[in-house]
Amino acid sequence: QGSQLPPFPSTARAPEGLRARRATMPEVVSLCKGPKEAYEAFADKGAELCRKPLLKVFHQAVYAGIYIGFGGMLSLVIAGGLADVSKNNPTIQSYVFAALFPVNLLIIILTGGVLFTGVSAIVPAAVFEKKAHWSHIPKLLAISWIGNLIGGVIFAL
């Protein structure tokens, strides 16, 4: 009536040395969140932003707009100054620009700035998870957009 398969390895009796090694194996720890945990943290961040005073959100949006302008200017000045170098290697200018522009995003993250793009993602996630009221979406989108615009204009002046 068919052949019997050997028992599944987890139910088989392991040799003594192998059991000892299994007992001393360290637990696997990841510094990265899984998709579920990352989304929950995302929604929590949106709910936290909804609880902040609107003036504070506006202030964070203004200086994030200034940092965006700063990053663009930094990239343009340094990459634009490589005209002589880029004659032999035309891609070096694009590479330097692409490598320098994320510096402003790092500054924004480290200082807690609020960008319109981030608000358009985290606040709806908080509303979807019922951690915030839907009225926060248009309010925070408008405040962050206006604050980013004002910050960019202030930097341009």
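Just so we're clear, the structure is a prediction, and the values are computed from it rather than from any experiment. (Residues numbered from 1 in each chain as written. Predicted model: local features only at pLDDT ≥ 70, side-chain atom pairs only at ≥ 80, totals over all residues. Heavy atoms only, no water.)

Peer 1: Break down the overall build of the protein for me, with residues and values.
Peer 2: Broken down by element type, the protein carries seven helices and zero strands. The N-to-C order of helical and strand elements in the protein reads α-α-α-α-α-α-α. The burial tally for the protein puts 25% of its 157 residues in the buried class. A separation threshold of at least 6 residues defines the contact pool for the protein, and within that pool the share at least 24 residues apart is 75%. (Helix = DSSP H or I, 4+ residues; strand = E, 2+ residues; numbered from the N terminus. Buried < 20%, exposed > 50% of the residue type's maximum accessible area, 1.4 Å probe, protein only. Contact = heavy atoms within 4.5 Å.)

Peer 1: Describe the side chain of Ser144, naming the residues involved and giving the relevant values.
Peer 2: Inspection of the secondary structure puts Ser144 in helix α7 (residues 136-156). At 3.1 Å, the side chain of Ser144 and the backbone oxygen of Leu141 are in polar contact. (Polar contact = N/O pair within 3.5 Å; in protein donor to acceptor, adjacent residues only side chain to side chain.)

Peer 1: Give a detailed account of the nonpolar core, specifying residues and quantitative values.
Peer 2: Counting 14 residues, the largest nonpolar core has Leu49, Val57, Val114, Val119, Val123 and Leu140 as its most contacted members. Breaking this core down by element, the ones donating at least two residues are α2 (35-51), α3 (54-80), α6 (116-128) and α7. Element by element, the count of residues in this core is highest for α6, at five residues. Each residue touching Val123, except ones within four places of it in the same chain, is listed here: Gly46, Leu49, Cys50, His136, Ile137 and Leu140. (Core = buried A, V, L, I, M, F, W, Y, C linked by side-chain atoms within 4.5 Å.)

Distances and angles like these do not, on their own, reveal function.
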